[in-house]
Structures are given as C-alpha cells and as structure tokens.
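Geometric and topological summary
Each chain, written out:
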Amino acid sequence: MKRMFIFVLFVLGLVFLVSCDSSAISLPTETKESIVSTATPLITHASTPLPSIAATPFSEPLMTENLVELFVGQERKDGSGSIGEAPYNNDHTGLHTQPLHLAFHDYKLYLFFSFKKSSSEVLDALLKQIKVSSGVQFEINPTDTNARNEVRYKMDIGEFDQTMTMQFGNTPEIFIFKAKPIQISLADASSDTPNLFFTGLPMGLNLLASDNQTITFVFSEPIDPAFNSVLPNIGEWTDDSHYTIKLSRDSFTDSPRIIFNLKSQRGNRLKEVDSYLNIRFFKERSWFNGGTNKEIVEGPRFRFYDNFIYSPDKSSYVANTYLEGAFGDEGGGYYGLVLEHRKKPAVILETANHIAGFPPKLQVYWLDNHRLIYNSNGKIQLYNVTSKLKTELILMPDPQKGYINNFTYDPFQKKLHVMWIKFDENGELGLAQLTHSLYDIAADHVKLIAEEPYKSESIEEYKYQILSLSMQPVKNGFYWTKVNKGSISTEYIGNNGVKDQAKGRIVGVSAQGVYLLDEPAYGKEGHDEANKRKLYYWKPGTAPQQILLPDNLGYLKAFGQSLSAQSFENTNLNFRFELKTNKWFPLNKEETTTTVPYQDSMAIYQQG
C-alpha cells in the first residue's frame, strides 16, 4: 500500500511539470549596475544593447586578440583636447610589445579603446581584464559603434599621485607619470645674437632670424634616438639634447615650418603646441629719425621690430614684433614684447600679446628708467628692469562682468587712468556705460584715488571689437574721447578746471592741441566712404581747423607730434602732415617701400 502511494505521487508530479506553460519560465537578466570602490574598476554598462554574434562555447578571451584601438589622451582645464599616445590605432596595427611610459601634463587623463565585434559575454570578460593601480578610480562607458560593428569605449581616470599603472589583459603594462613638458630653448642668447625665440604661442613656437646663420635648439631632456622625427629634417643631432640647423632661405618654402615629433628617453613629450616651429626670415630694414632723417642703429635685433618706445634716458627700449594673426573674428594679431638693453641679451616680456585693431599701438609707458607698465592681453603689468620682477597691477573684481577698455599713464601728475567697460544685465556690451578709475602708482602696486561712472557709451570700432576710448594727458590738462548716441567727441579738462569739447576721436597730439578724426561709427551708413571722414586740428578754446584729406589717403597714425597716413590703394606710399602749411608730403621721397609704425612720442619710420 505504501509503495502504491509513492508511485501515485510520482505520476502526479510528472503531470504537473508537463502541464506548465514554458513561456512563464524566465532566466535571470543581465544586471546593469556600477561597482564603486577605490580599488575596483567603476564600469558603467551600456544603456542600449551591445552588438552580438552567434553564441559559441565561452572561453576566456585574450586582450591581444580582441583589442583593436587604444588611445591615451589628456584634457586641458579649458576642455580642449591635447596630445595623446596611440599604442593601438583603428587600423588594427601598432601593438606595443614592451611596457609603455607616458607623461601626463595636463588636467584630466582619459582613454579611448575598441574591441572586435563580439558577444556581450566576451565584451564583459574583456572589460574585467582592465586593471589600474590600487586606489585610483576610473569609469568606463561605451561611446559608439563603428562600421565594422566594433564597440568603442571611453575610460575616465580619477586623481592619482605622481605615478600610476594600468594594464589591458595580457598586453604590456602602461606606466603614467606626471611631468612638465619637454622645454626647448636656444643654445646662444648673447647680446649680439641676430634672432629671437618665442614660446607659448597659440599656434606654435616662433623663431625670428636673419638669413645664413646656425641655430642650435636645446631640449630639456635627453631624446630617445628611436623617436626623434623632425620634418623636414634639415638639421642634425649633435647629441641626444641638441639639434642644429643651418638657416637659409633656400632651405624652406615661403612659409617655413618644422614639426618636432619627439619623445624623451623616459617617455616625456613636448606640449602639443610646441611641436610646431614657425621660422620667419627678416630682410634688411632700417630705422630713421623723422625729424633729421638720420638712421637709428640699436643692435642686431633692431630690424625685427615693428615699433619701440625708449626709456627716459634712452638706455633701454621696449619693442613689439608681429608673430601671427588673430583667431576668428577677434581682430588684430599676436605680438611679442621685448625689452632691450644695450650690449645685453634681449628680455622677452610677453610671448603672445594680443593687440586688437589697426594700427597696432604699442601700449607701453615708462614710469622712470627702471619701471614700465604695459598692456598684457587686457591686463596691466608692471615690470622692474632692475629686479626683473613682473607684477599684475590691477585685478578686475569679476572678469565675467567686463574688462579694461583702455588705460594711460599721466607722467605730469604721476597717475594711472583706467577705463573699464562692463557688460550689461544681458551679458552684452551693447550701450554699456563705462567706469573711469584713477590710481596712484607706488613702488610695486597701485592705490585707488577715485572711481566714477564715465558719461560715455560703448561703440564698435570693428565687428566684435569695441572702440578703445582715447585718453591723452598733456602738461596743462587731459583729453578723453567719449560717445553719445553713436556720435564721437573729445573733451578737454584743464588743470585750472576749464572744459571744452569738439567732434571726433583723438588720432594724434601736439604740444598745443590734438588731431581729431570725425567719421560715422562702425555699422553706420557711410562708414567706409572716404568723403564722410573729416580731420581736424583742435586747440581748446578755439574752433577746430579742418585738414584736407586727399583722395585714398587713410590709415591715420600719430607721427611724433604730427600725423602720418598710408595710401588706401598702395600701402607702400606714406605721407606726413605739416601743420604750418596744412599740407601732406611724401614721408621719404627716395624710398617707396617705407612702412610707418604707430608712434606717440617720437617720429620714426622704417625703410625696407
């Protein structure tokens, strides 16, 4: 009886299993969760299905057989990418067979890598083979799938100390170390060197040189001889840190550029932008005094400069030289700013000083023979020639709300005038009011004396560029330019409190008065028409005296206490104005290739 009962239960169990609907049986689904730990990889799985192939018996996949791309990159603080290393590339070549040593220069470390088309089971197994140093967090996320159906991932690395290690399965280890980029300098920087070397530029290194000389570049770290590509390779390595070029115009095209693709023996690299060296040759050109027409000679680098300002005792001067054009619509260009002492090496004050507009005014003011202030990309720097100390004088309280529109130093009152332009409530320059600040300059800092709203609007000089409102101190008073309802005028305030005003903006100054240009504002009808421009010479207390502007004569520039002008049609034709006769004369009758720099205090010009 007992055996019969057991048999009945067995049969009933079989009947129950057969009667069940197989669709109601569910297998466990893949759990898509992140594991966070300082010692465990943080892997975020894809939110969309990964491409898969037909199921096959699973075996542990080898990384070397599945990894088809690996790129180690660095991101700067501004979000722009920087140079990286590609042990594998997307052509499935470049497998590194030895451990890699890579330098980390910037802000954030990341990787891109791709696997062959595989099942999700294989992909998960490969991801789990990625290891990093203990204590370093990382996160992996799929980014896209290419035409070969290969999955691409991005791996973000967290903070680490000076070094870290990572390894992809059975590939050799990758060692990451923090370091400053390799630096490049010139072997010779003596007082009689006929070249200038500028680093830190947005578009690469710049070498300004004379024809037919030998230049030796010095690298701050020994270079790996197996990884020292230079294109075009027109020089030679004298040792593992020195590369020598014999400079000749015949060696280059019209726009010579050298590309350094180097790695040091410990795995360090140049900063990406320093991989490009632009070489500019200067033809012979000379400077002349506009009053005496006698040549000015100031050493082997004098031919490089576009403009210069002497110290009061004329023992030193600061000069600028054009290096490269501006980006997009920002206008103007980038200039190097150089301090020269007689019989001493040049001191490069700024390697990439952006100056907007035309002409490129050199905004430098000597406080005495040992101190000067200058415009450094919209900031005011004070430089002490003796101590070689550079100090930023004025910090905008909130740079997001505005910037310096213009500044000038008053040598008579020993005061610094700064015009601030501030954004309106919508973050636009529009018709924003300006603020005028007056400072007293001490030994190495400034003291605010007065600050008040300036009764002027902002106005465009060029597209996306606000007119820099002129301020001009003179012995007996102060001139400044202002805008009201789109109309430009200049006001004079005498030391005795007397005020006067005339139409136009300041383009030059003499001991007795100023030259004013009256023209429609940018964007207004008639702005580009020569007959709508009017030039005046104005002495406060008298009516402005109109100056005849010949046809096609434009690009007005100060020329000592007078004016110069360049032809619209032929930029090699330059003229100067003579106030006594109210006439324009060729600046130099014998030389048609004269160029005229912007000058405030000394009338000089170039030939060549």
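These notes cover the structure that comes with them. Throughout, a residue's number is its position along its own chain's written sequence, starting from 1. Note on the predicted model: pLDDT of at least 70 is required for a residue's local features to be given, and 80 or more for side-chain atom pairs to be given and counted; whole-chain, interface and lining totals, by contrast, use all residues. In computing side-chain properties, one takes all heavy atoms of the structure into account and sets aside hydrogens as well as water.

Secondary structure elements are taken from DSSP: a helix is a run of H or I of four residues or more, a strand is a run of E of two residues or more, and numbering for both begins at the N terminus. Helix and strand counts for the chain stand at 3 helices and 48 strands. For the chain, the proportion of its 608 residues judged to be buried stands at 46%. In what follows, a contact means two residues having at least one pair of non-hydrogen atoms within 4.5 Å. Considering only intrachain contacts with a sequence separation of at least 6, the fraction spanning at least 24 residues in the chain is 53%. Split by element, the accessible area of the chain, about 32,000 Å² in all, is 52% carbon and sulfur. Burial classification: accessible surface area is computed with a 1.4 Å probe over protein chains only, and a residue below 20% of its type maximum counts as buried, one above 50% as exposed, and the rest as partly exposed. The method behind every accessible area is Shrake-Rupley, applied with a 1.4 Å probe, and residues are considered shielded solely by the protein chains displayed.

Here we take up the side chain of H105. Its location among the elements puts H105 in the loop between β4 (100-104) and β5 (108-115). Judged by its relative accessible area of 18%, H105 falls in the buried class. Contact partners of H105, with chain neighbours within four places excluded, come to Q74, A179, K180, P181, N268, R269 and L270.

Below, the discussion takes up the nonpolar core. In terms of nonpolar packing, the biggest core is built from 30 residues, with F113, M155, F168 and I176 touching the most fellow members. Apart from the residues within four sequence positions on either side, F168 is in contact with M63, L67, L70, L111, F113, Q129, I130 and M155. To form a nonpolar core, buried Ala, Val, Leu, Ile, Met, Phe, Trp, Tyr and Cys residues must be joined to one another through side-chain atoms within 4.5 Å. If you look at the next biggest cluster of nonpolar residues, it comprises 23 residues, including I184, F197, Y243 and L277.

Should a side-chain nitrogen of Lys or Arg be within 4 Å of a carboxyl oxygen of Asp or Glu, the pair is scored as a salt bridge. What the rule picks out here adds up to 13 salt bridges. The salt bridge partner of R249 is D211, with a shortest N-O separation of 3.6 Å. With R249 in the loop between β17 (242-247) and β18 (257-264) and D211 in the loop between β13 (205-209) and β14 (213-219), this residue pair connects regions lying 38 residues apart in the sequence. Looking at R249, the relative accessible area reads 35%, which means it is partly exposed. One network of salt bridges, in which partners are shared, links K108, K154 and D156.

Cis geometry marks the peptide bond from L231 to P232, where omega comes out at -10°. Looking at the secondary structure, you find P232 in the loop between β15 (223-231) and β16 (236-239). Despite not being glycine, K388 has its phi angle at roughly 65°, a positive value. Topologically, K388 is positioned in the loop between β28 (379-384) and β29 (390-392). Note on K388: relative accessible area 61%, which makes it exposed.

Attention now moves to the sheet that holds strand β46 (residues 574-578). Strand pairs in the sheet, formed through backbone hydrogen bonds, run parallel or antiparallel to each other. At least two bridges found by DSSP between two strands are what make those strands a pair. Here we have 4 strands laid out as an open sheet, ordered β44-β45-β46-β47, and antiparallel in their pairing. Of all strands in the sheet, those with a lone pairing partner are β44 (553-559) and β47 (583-586), marking the two edges. Taking each pair of neighbouring strands and ignoring which way they run, the sheet shows an average axis angle of 35°. Relative to β47, β46 runs antiparallel, the two being bridged by 4 bridges. In the strand pairing of β47, R576 is matched with F585. Lines fitted to the C-alpha atoms define the axes, with helices restricted to the stretch that makes contact. Angles between their N-to-C directions range from 0 to 180 degrees.

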